[in-house]
Amino acid sequence: MTPTVLRRTIFLIGILVVWEAAYRIIGWESWKFPSLFQTVESFYTGFAHGQLLEAILNSLRRLLIAFAISISIGLLLGLMFSRSKVIDDTLGFVVIALQTVPSIAWLPFAIIWFGFNDKSVIFITALGATWTMAIATRTGIKNISPIYIRAAQTLGTGTGWRMFTQVLVPGAFPHLMTGIRVAWAFAWRALVAGELIANGAGLGQLLQDGRGLGDTALMLNVVIIIAVLGTISDHFCFKKLEDKLLIRYGLETHTK
């Protein structure tokens, strides 16, 4: 066990001890906030009956579909903004304005257009990440020195696909990874909010069910699951991908 993992483990154990001690000392009522043991019992019951697992799978399915859509559209928009001043001054201005609007504000429109179904939730989840990805892509490409682009063109990359894959993507990569990480977080927020209101069978709906039943242990379970899934995906997916691509593009040296 590495020192970092050891410190984090000790810290988490301390939080759990303080949590249970505070519950017993302050005398919280379970319908206001659950104890550690009530939360663990709710976890066990939820997974044993398949309730939590089904909700996780449903939410992840919607999230991955929406995230793939948002990354694709965001990359395309960002590339357009960075390569065309006219598009950047017009459509880019609109995108910046739209980024300030919470994606959940579009849910009433989504329900009218698509109904109370997965399409509505996927729509607002994709909106929650698309604008962030577009702006991150634009910023990353804009920050590439023109000298590098001219040098690449002199060496024969042209202005098409080779320029995009060999120069623009590596040069903008730090901003792209930041955009992907932030977009992932925004997508999670939009997803849970959409499932809360649009009644999509998922983690958001479990939060709603827990509120209706006064089951704070179930509600806390959902919060913990979202936090754990977010941490795992960032550390084992995005962080690993970032490290590999930094080495691949020569932006970082490989160290044992």
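Below or above, wherever it landed, is the structure these notes cover. On a predicted model such as this, the values are computed, not experimentally measured, just so you know. (Residues numbered from 1 in each chain as written. Predicted model: local features only at pLDDT ≥ 70, side-chain atom pairs only at ≥ 80, totals over all residues. Heavy atoms only, no water.)

Moving on to the overall build of the protein chain. When helices and strands are counted, the protein chain shows 10 helices and 0 strands. What you see in the protein chain, going N to C, is helices and strands ordered as α-α-α-α-α-α-α-α-α-α. Overall size of the protein chain, expressed as C-alpha extent along the three principal axes, is 70 × 55 × 30 Å. Of all 256 residues assigned to the protein chain, the portion counted as buried reaches 38%. The contacts in the protein chain between residues at least 6 apart in sequence include a share of 68% that link residues at least 24 apart. As presented, the protein chain carries roughly 14,900 Å² of accessible surface, and 69% of it is formed by carbon and sulfur atoms. Each charge class in the protein chain can be summarised by its mean position, and for the 21 positive and 14 negative side chains these summaries are 12 Å apart. (Helix = DSSP H or I, 4+ residues; strand = E, 2+ residues; numbered from the N terminus. Buried < 20%, exposed > 50% of the residue type's maximum accessible area, 1.4 Å probe, protein only. Contact = heavy atoms within 4.5 Å. Areas by Shrake-Rupley, 256 points an atom, 1.4 Å probe, with all protein chains shown as cover. Lys, Arg positive; Asp, Glu negative; His and termini not counted. Charge placed at Lys NZ, Arg CZ, Asp CG, Glu CD.)

To continue, consider helix α1 (residues 3-26). Helix length check: α1 (24 residues) gives 34 Å between terminal C-alpha atoms against 34 Å at 1.5 Å per residue, within 8%. Within the span of α1, buried status applies to Trp19, Glu20, Ala22 and Tyr23. The positive-phi residue at the C-terminal boundary of α1 is Gly27, with phi of around 80 degrees. (Expected span 1.5 Å × (residues − 1).)

Before going further, it helps to spend a moment on the packing of aromatic side chains. For any pair of aromatic rings, the description rests on two quantities: the centre-to-centre distance and the angle between the ring planes. The full count for this structure, using the stated rule, is 11 aromatic pairs. Between the aromatic rings of Phe43 and Phe47, the centroid separation amounts to 6.2 Å while the plane-to-plane angle is 10 degrees, which identifies the pairing as stacked. You can see Phe43 and its partner Phe47 sitting in helix α2 (residues 36-48), 4 residues apart, about one turn around the helix. For the ring pair Phe67 and Trp184, a centre distance of 4.9 Å and an interplane angle of 80 degrees mean the geometry is edge-to-face. Of the two residues, Phe67 is situated in helix α3 (residues 51-83) and Trp184 in helix α8 (residues 161-198); the sequence distance between them amounts to 117 residues. Trp184 matches Phe67 in its accessibility class, with the two residues each being buried. One aromatic cluster is present, built from ring pairs that chain together Trp106, Phe109, Trp113, Phe114 and Phe123. (Phe/Tyr/Trp six-rings, centres within 6.5 Å; stacked < 30°, edge-to-face > 60°.)

All right, on to the nonpolar core then. Phe67, Ile180, Trp188 and Leu203 are the most contacted members of the largest nonpolar core, which has 40 residues in total. Every element with two or more residues in this core is listed here: α3, α5 (107-114), α6 (118-142), α7 (146-154), α8, α9 (203-213) and α10 (216-248). Looking at this core element by element, the count peaks at 16 residues for α8. With near-sequence residues (within four places) excluded, Trp188 lies in contact with Leu60, Leu63, Leu203, Ile226 and Leu229. Grouped together as the second largest cluster of nonpolar side chains are 6 residues, Leu77, Leu127, Trp131 and Ala134 included. (Core = buried A, V, L, I, M, F, W, Y, C linked by side-chain atoms within 4.5 Å.)

Purely spatial values, then, with no claim about function.
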